[in-house]
Amino acid sequence: MSRKKHVLTRRQRALRQGLTLAVLILLVSLLHLYRPLPGQALQAEGDLYGLAPLQTVLTVQPEETDGPPRLGRLCLAENDGALMAATLEFRPLSGWEVTMDEVVDCTKGSSPQCGFFRPSQSAYSYAYVFGRVDDPDVKEISFRGVYRPYYGNSYEEEAVLTIRRETAVGRDGAWYFLTPLPEVFSQQLQLDLGLYAVWWSADGGEEAVLWELNG
Amino acid sequence: MDPLYSRFCNEVCGHIPRATSRERGDIARELTHHLEDHARQLADRGVEEGAAADRAVQAMGDPSEIGAKWNAQLSPFWLWMGRVLCVAGMCLSFVIFVGLYGERFEPILNSLLARVGVTGPLRDPPYSYRSVGEMELDLRCPYGDSVIYLYGLTVLQNIHDPDERALRIGAVAYHRDPFRDSVLLTNITWDGGAWLSYWASPARGASAGAITIPLPPGSLPESVVLTGSSFGNSFRAVIPLDWEAIS
Amino acid sequence: MRQKQSLAHTSLLVLSLLSRQDMYGYQMIATLEQRLDPAFSMKEGTLYPILRELENAGAVSCYEQEVSGRTRKYYHLTRKGRRQLAEEQEQWERYEHAINAVLHMA
């Protein structure tokens, strides 16, 4: 008598195909051939910096000044030694990818740790500041930027952004933020007219340079 | 197939619009086998062949009723779910084996080759320098989840100024997991107490570089110490220099 | 003469047949003909939608096997099918007991 050949119902065939697809996705995920999850893209980017596994703290949709909407999301992730702000986009051929990122080394210096981040090179995107505050006594952080609105002149203006603990994301006693700078900052960057620097201070204390043009 | 059976099967299948052509073929085959078995049994009892076939078909019942009931058992949902999953699987397979070769397989290959020192920067001296001595190295230093593999040392002499010499050390970095990318050598700061420059190729999968350390004139240090730290990770490699062997 | 069995009873008969051995379609019909009272009959073609229904419910599985140069489609009772058979048998026996209790009232 010859071998038995099992005949599948439509449901069994579909479930078997679903299982095959799931195994395929798991395999490509484990082999890092394809990244179906955004966290995998973050970790792959962390590999390039030599970072230990990162945990996502918060995710936001990118702000646009104008123009066509873009896919993707902005993400703030951390481990004990680093804080990373990243732009994540989904590409059908490779899965999630980090297209832009900025990393702050948290092993040097003390809390708060802040960074300046440009999510994309598009003319339509805002610039962001991000950070982590472990010190429970710090209630607010201010960012001040100086720019020249018109190319070639010496007239300067400044804009201020203040982030308060109550409006930030709290986690395990620390608070985090990933906040767009005022629109005028982004416009200056876009037009390359001369945003020179961004300073920051905690609770109105001494200012430190966060970012400088060509610095 | 007896034309009577064929007509009967076609009538039944005509009332199963949900069936695919393959399923219709299976249905017709099963019904035909049933009719043949019944007709054979009748023939064994002495019924004439043509009459046996006719009686077998009559015994089956109303083909439209059979078809309608059979049709109700075929779920369009699971058919289309299966088709969608099949297409998704084929697309993913295409993406993996055709679309991603350069993006993902090449880095894995680089990572595997880096472990045996095949991937690495050129040992050719930089412009204006020539090689005056070599020393084999085989040092592997953990750096976070990556490994820095120092695989060769060359002593360089400036063509225009023979007193100016430098050490050039070949390095590759690979991740412990061959399917992940290594730390970029460009992100590492090397501090040996002297000014260093390096050239690095941030190839995906494995990062290759060469560290050039200027030597003070007349200096023959007993060892070179390379250190690096970043985001809480650090590494330290002590390279003893055997000048007799190098010369 | 009753021309047609109700669907529920037919599935009980099919499950019962398959509980003894795996069978193909005509084999089930021939066995039923031997066992059933000639007063009862069923249209043979309606067996197959019933088998499909039992397959979709997971009570029965199906396989093809070549026997004497011919590929036959056999049906096999699954574990779920055995449970379903036990439940339907119990329901039938309760029903039969209830009817008999009325018919044989003193």
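Residues numbered from 1 in each chain as written. Chains lettered and ligands numbered in written order. Predicted model: local features only at pLDDT ≥ 70, side-chain atom pairs only at ≥ 80, totals over all residues.

A. Region of interest: the overall build of chain C. Looking only at helices and strands, chain C features four helices and three strands. Listed N to C, the secondary structure of chain C is α-β-α-α-β-β-α in terms of helices and strands. Among the 106 residues that make up chain C, the fraction classed as buried is 27%. Taking the contacts inside chain C whose residues are at least 6 apart along the sequence as the reference set, 57% of them involve residues at least 24 apart. (Helix = DSSP H or I, 4+ residues; strand = E, 2+ residues; numbered from the N terminus. Buried ≥ 20, exposed ≤ 12 C-beta atoms within 10 Å, placed from the backbone. Contact = placed C-beta atoms within 7 Å.)

B. Fine view of the overall build of chain B. For chain B, the helix and strand inventory stands at seven helices and seven strands. Along the chain direction, N to C, the helices and strands of chain B fall in the order α-α-α-α-α-α-β-β-β-β-β-β-β-α. Burial analysis of chain B (247 residues in total) assigns 32% to the buried set. Within chain B, contacts between residues separated by at least 24 positions form 57% of all contacts whose residues are at least 6 apart in sequence.

C. The arrangement of the sheet that holds strand E7 (residues 128-133) of chain A in detail. Residue and element names in this part refer to chain A. Spatially, four strands are ordered E6-E7-E11-E10 in an open sheet, and the strand pairing comes out antiparallel. Looking at strand neighbours, the two that pair on one side only are strand E6 (113-117) and strand E10 (169-171), the edges of this open sheet. Averaged over neighbouring strand pairs, the angle between their axes works out to 15 degrees when direction is ignored. (Pairing = 2+ DSSP bridges. Axes fitted to C-alpha atoms, helices over the stretch in contact; angles between N-to-C directions.)

D. Fine view of the interface of chain A and chain B. Opposite the 28 residues of chain A that make contact, chain B presents 33 residues. The set of elements that each furnish at least two residues to the side of chain A that touches chain B consists of helix H1 (10-30) and helix H2 (38-49) of chain A. When residues in the side of chain A that touches chain B are grouped by element, the largest group, ten residues, is from H1(A). Grouping the amino acids of the side of chain A that touches chain B by side-chain chemistry returns 14 nonpolar, eight polar and six charged. (Nonpolar A, V, L, I, M, F, W, Y, C, P; charged D, E, K, R; others polar.)

E. Spotlight on the interface of chain B and chain C. Taken together, the contact between chain B and chain C spans 13 residues of the former and 14 residues of the latter. Those elements giving two or more residues to the side of chain B that touches chain C turn out to be helix H2 (21-44), helix H3 (49-60) and helix H4 (63-72) of chain B. Among the residues making up the side of chain B that touches chain C, the classes are represented as four nonpolar, six polar and three charged.

F. Focus on helix H1 (residues 3-13) of chain B. Residues and elements named next belong to chain B. Three or more residues of H1 are buried, namely Tyr5, Phe8, Cys9, Val12 and Cys13. Buried residues of H1, seen end-on, are gathered within an arc of 130 degrees and therefore sit on one face of the element. In H1, those exposed residues whose orientation departs by more than 90 degrees from the buried face are Pro3, Ser6 and Asn10. (Arc of directions from axis to C-beta.)

G. Spatial organisation of the pairing of strand E3 (residues 73-78) of chain A. Residues and elements named next belong to chain A. When you tally the buried positions in E3, you get five out of six residues, the bulk of the element. In this sheet, strand E4 (residues 82-91) lies alongside E3 in antiparallel orientation, the contact comprising six bridges. Within the sheet, the bridge partner assigned to Cys75 lies in E4 and is Ala86. Joining the antiparallel neighbours E3 and E4 is a turn of three residues.

H. Just the confidence of the model for chain C, in detail. All names here are of chain C. For chain C, per-residue confidence averages 86 on the pLDDT scale, and 89% of positions sit at 70 or higher. Contacts of residues 1-7 to residues separated by more than four positions or lying in other chains number ten contacts, the stretch itself having pLDDT below 50. The ipTM value of the predicted complex is 0.85, and its pTM value is 0.66. (pLDDT = per-residue confidence, 0-100.)

I. Examining the pairing of strand E5 (residues 206-215) of chain B more closely. All names here are of chain B. Where burial is concerned, most of E5 is hidden: seven out of the ten residues are buried. Bridge count for strand E3 (residues 165-175) against E5 is ten bridges, and the pairing is antiparallel. What sits directly across from Ala166, in E5, is Pro214.

J. Geometry of the packing of H4(B) against helix H3 (residues 47-56) of chain C. Relative orientation of the contacting elements H4(B) and H3(C) amounts to 5 degrees, with a least axis distance of 8 Å. It follows from the interaxial angle that H4(B) and H3(C) lie roughly parallel. Residues B:Ile66, B:Lys69 and B:Trp70 of H4(B) lie in contact with H3(C), whose contacting residues are C:Tyr48, C:Pro49 and C:Arg52. Grouping the amino acids of the contact of H4(B) with H3(C) by side-chain chemistry returns four nonpolar, no polar and two charged. (Parallel < 35°, antiparallel > 145°, perpendicular 65-115°, else oblique.)

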